[in-house]
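# A look at the structure
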Amino acid sequence: MPESPTLDPAVAARLKRTDDGLVAAIVREHGSGDVLMLAWMDDEALHRTLTTGRATYWSRSRREYWVKGATSGHHQYVRAVALDCDGDALLVTVEQVGAACHTGEHTCFHTELEVSR
């Protein structure tokens with residue numbers, strides 16, 4: 001993954017990346033507040049997201065950038081991006097068009113697990 005000379009250096013300095021240069025991106029829906037998915041960004045994906053308004057991620061399996069909706073038509077239009085206090089996660093707030101999950105579900109978090117109380 002190339003390092004982006006175009007990401008704001010002040011933002012880049014605050015990021016705490018994994019060993020492979022990635023930061024977790026938690027994606028939530030603007031209107032409902034639903035948590036839609038978890039994806040990964042490097043500096044370039046974050047730069048593209050911030051400058052285009054289209055959610056862009058790094059695919060760890062395909063080892064390439066992907067713009068959400070480019071092939072599925074289920075686009076994410078970015079409304080806000082926030083960095084957490086530790087710098088190791090991003091909260092991306094989006095207008096979701098269609099399903100967020102590749103399975104066709106609205107959210108990737110659709111399997112509830114039983115919690116003992």
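The preceding data block contains the structure.
Everything in this summary refers to the structure shown in the same document. Here the structure is a predicted model, which means the values were calculated and not measured.

Parameters and conventions
- Residues numbered from 1 in each chain as written.
- Predicted model: local features only at pLDDT ≥ 70, side-chain atom pairs only at ≥ 80, totals over all residues.
- Heavy atoms only, no water.
- Helix = DSSP H or I, 4+ residues; strand = E, 2+ residues; numbered from the N terminus.
- Rg over C-alpha atoms; globule rule 2.2 N^0.38 Å.
- Buried < 20%, exposed > 50% of the residue type's maximum accessible area, 1.4 Å probe, protein only.
- Salt bridge = Lys/Arg side-chain N within 4 Å of Asp/Glu carboxyl O.
- Phe/Tyr/Trp six-rings, centres within 6.5 Å; stacked < 30°, edge-to-face > 60°.
- Lys NZ or Arg CZ within 6 Å of the ring centre and 35° of its normal.
- Pairing = 2+ DSSP bridges.
- Axes fitted to C-alpha atoms, helices over the stretch in contact; angles between N-to-C directions.
- Contact = heavy atoms within 4.5 Å.

Secondary structure summary: the chain contains two helices and six strands in total. The order of helices and strands in the chain, counted from the N terminus, is α-β-β-α-β-β-β-β. At 14 Å, the chain has a C-alpha radius of gyration in line with the 13 Å of a compact globule built from 117 residues. The principal-axis extents of the C-alpha atoms in the chain amount to approximately 45 × 40 × 30 Å. The buried share of the chain, reckoned over its 117 residues, is 38%.

The full count for this structure, using the stated rule, is four salt bridges. Between R48 and E44 there is a salt bridge; the shortest N-O distance is 3.0 Å. With R48 and E44 both in helix α2 (residues 43-52) and four residues apart, the pair spans about one turn of that helix. When its relative accessible area of 16% is taken as the criterion, E44 is described as buried. Residue E64 pairs with R62 through a salt bridge whose shortest N-O separation is 3.1 Å.

Evaluation of the coordinates by the stated rule reveals two aromatic pairs. Measuring from ring centre to ring centre gives 5.0 Å for Y57 and W66, while their planes differ by 50°; the resulting arrangement is tilted. Ring centres of W58 and Y65 lie 4.9 Å apart, and the angle between their planes is 70°; on these two criteria the pair is classed as edge-to-face. When its relative accessible area of 7% is taken as the criterion, W58 is described as buried. Since its relative accessible area comes to 19%, Y65 is described here as buried. The ring of Y65 has R48 lying over it, and the distance from NZ or CZ to the ring centre is 4.3 Å.

This next bit is on unusual backbone geometry. Although it is not a glycine, R63 sits at a positive phi angle of roughly 55°. Residue position: R63 is located in the loop between β3 (56-59) and β4 (64-67).

Judged by pairing direction, the sheet is mixed, and its four strands sit side by side in the order β2-β1-β6-β5 without closing on themselves. The open sheet is flanked by β2 (35-41) and β5 (76-83), the only strands paired with a single partner. Between one strand and the next, the sheet's axes are offset by a mean angle of 25°, whatever the strand orientation. Where β5 lies against strand β6 (residues 89-96), seven bridges are found, and the strand directions are antiparallel. Within β6, the residue paired with L83 across the bridge is L90. Of the strands in this sheet, β2, β5 and β6 are in contact with α2, which crosses β5 at around 120°.

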